[in-house]
Amino acid sequence: MEILLIGSADLSGKTVGGQLEKTRLFYLALRSVKKFSVCFINMAAQKKSRIFISMVLNYFKSDAAVFITSENGTRQLLKILHILKKIRHKPVIFIAVGSQNEALAAINKRNKKILKNIDAAFFETPQMAEDMEKIFPGRTCCMSNCKTIKTFYRDYPMDETPLRICYYSEISKRKGFDTVIQALDRVNKETVVYELDVYGYFGDDQAEMKRYLNRSYVRYKKVLKREKAASELSKYFLMLFITRHPHEGVPGAVVDAFEAGLPVISTDISYMKDIIRDGQTGYILKTEDDLEKILLKIAQNRKPVIEMRQNCVAQAYEYDISKAVNVFLQKMTEICSREG
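Let me begin by describing the structure that accompanies this report. (Residues numbered from 1 in each chain as written. Predicted model: local features only at pLDDT ≥ 70, side-chain atom pairs only at ≥ 80, totals over all residues. Heavy atoms only, no water.)

## Regarding the packing of helix 7 (residues 177–187) against helix 12 (residues 290–300)
Working step 1: For the pair helix 7 and helix 12, interaxial distance at closest approach is 9 Å and the crossing angle is 45°. Taken together, the axis directions place helix 7 and helix 12 in an arrangement best described as oblique. Seen from above, helix 7 lies across helix 12 with right-handed handedness. Facing helix 7, whose interface residues are Thr179, Val180, Ala183, Leu184, Arg186 and Val187, helix 12 presents Leu291, Glu292, Leu295 and Leu296.
Working step 2: Of the residues that constitute the contact of helix 7 with helix 12, the class distribution is 7 nonpolar, 1 polar and 2 charged. (Axes fitted to C-alpha atoms, helices over the stretch in contact; angles between N-to-C directions. Helix = DSSP H or I, 4+ residues; strand = E, 2+ residues; numbered from the N terminus. Parallel < 35°, antiparallel > 145°, perpendicular 65-115°, else oblique. Left-handed = near helix turned anticlockwise from the far one by under 90°. Contact = heavy atoms within 4.5 Å. Nonpolar A, V, L, I, M, F, W, Y, C, P; charged D, E, K, R; others polar.)

Have a look at this one:
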């Protein structure tokens, strides 16, 4: 079966997380399935004019078209695939990167026919898929962000002081790095309770964020490759993920943390409470102001956090690439048998 896969990927594997990494992993996993021959149009490696020509030519050669995109890519591709499907009917499958509820609702309001052309739509959490049922009735599925899971569990010393915690994300206001440092400044005011190691690349506000690194308890480390992330993260007590990004799906950073047996503190934004099970694999904050309070509470009794480590490892297996591909294959088989 010839599959046309359209998306943006860094096939070198140098990019950490996000759409480029998710698409790369899915493409490699799909290519390993014997029943499929995969033609991949990499939107990150071609000019727009070339992408359009490649899409048209390969659409007519393929048995089904699959596009895996974030919000901007979804807007671009839907109209093109809508036209192509009018010319020649074949299964079209959409795999969402991140939460795209608002963008899809806006597209549906303007032209319902465009989204009716989608035979199956995959979203990253069960709640996200449920919320999208009104736009894709009977066609939503859950397929989470994923990777090849290799857990790196290690015990954390019960009596270690200060506690070693980490930040592993884009270093920007958008990801709440300023809130992390401001809360730790207050917690560490008299005694250093937490030492923070920072992993990641800088966002557009690099100059401002770099000033926050000028603390005795903060160390900037490096950008972690995902295949090495779990091993490195497993030495920490806790990870802080105080995102403000309204379209978070299942962040690769949180999957890596769970793979390392590392509990995560996050804000209650987008679908984060679907991913982090409050009190079991981390904590969900009602507001950013609660970060200081929870850090002080944990410092007084670290045992509950240490006991979460096994839960995190168990949850990590929910994000294994093999599970995601199996979900895709089941749906693909169902659609093809229906199409005849």
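The discussion continues.
## A closer look at the nonpolar core
Working step 1: Among the nonpolar cores identified, the biggest contains 34 residues, and Leu196, Leu240, Ile265 and Leu291 are the most heavily contacted of them.
Working step 2: Of all elements in the fold, only strand 7 (163–168), helix 7, strand 8 (194–199), strand 10 (238–241), strand 12 (282–285), helix 12 and helix 13 (303–307) reach the threshold of two or more residues within this core.
Working step 3: Among the elements that make up this core, the one with the highest residue count is helix 7 (6 residues). (Core = buried A, V, L, I, M, F, W, Y, C linked by side-chain atoms within 4.5 Å. Buried < 20%, exposed > 50% of the residue type's maximum accessible area, 1.4 Å probe, protein only.)

## Thoughts on the packing of helix 1 (residues 18–31) against helix 15 (residues 321–339)
Working step 1: Following both chains from N to C, one finds helix 1 and helix 15 inclined at 65°, their axes separated by 10 Å at the closest point. Taken together, the axes of helix 1 and helix 15 are roughly perpendicular relative to one another. Every pair of crossing elements has a handedness; the one defined by helix 1 and helix 15 is right-handed. Note on element contacts: helix 15 touches helix 1 through Ile321, Val325 and Phe328, opposite Leu25, Phe26, Ala29 and Leu30.
Working step 2: A class-by-class count of the residues in the contact of helix 1 with helix 15 yields 7 nonpolar, no polar and no charged.

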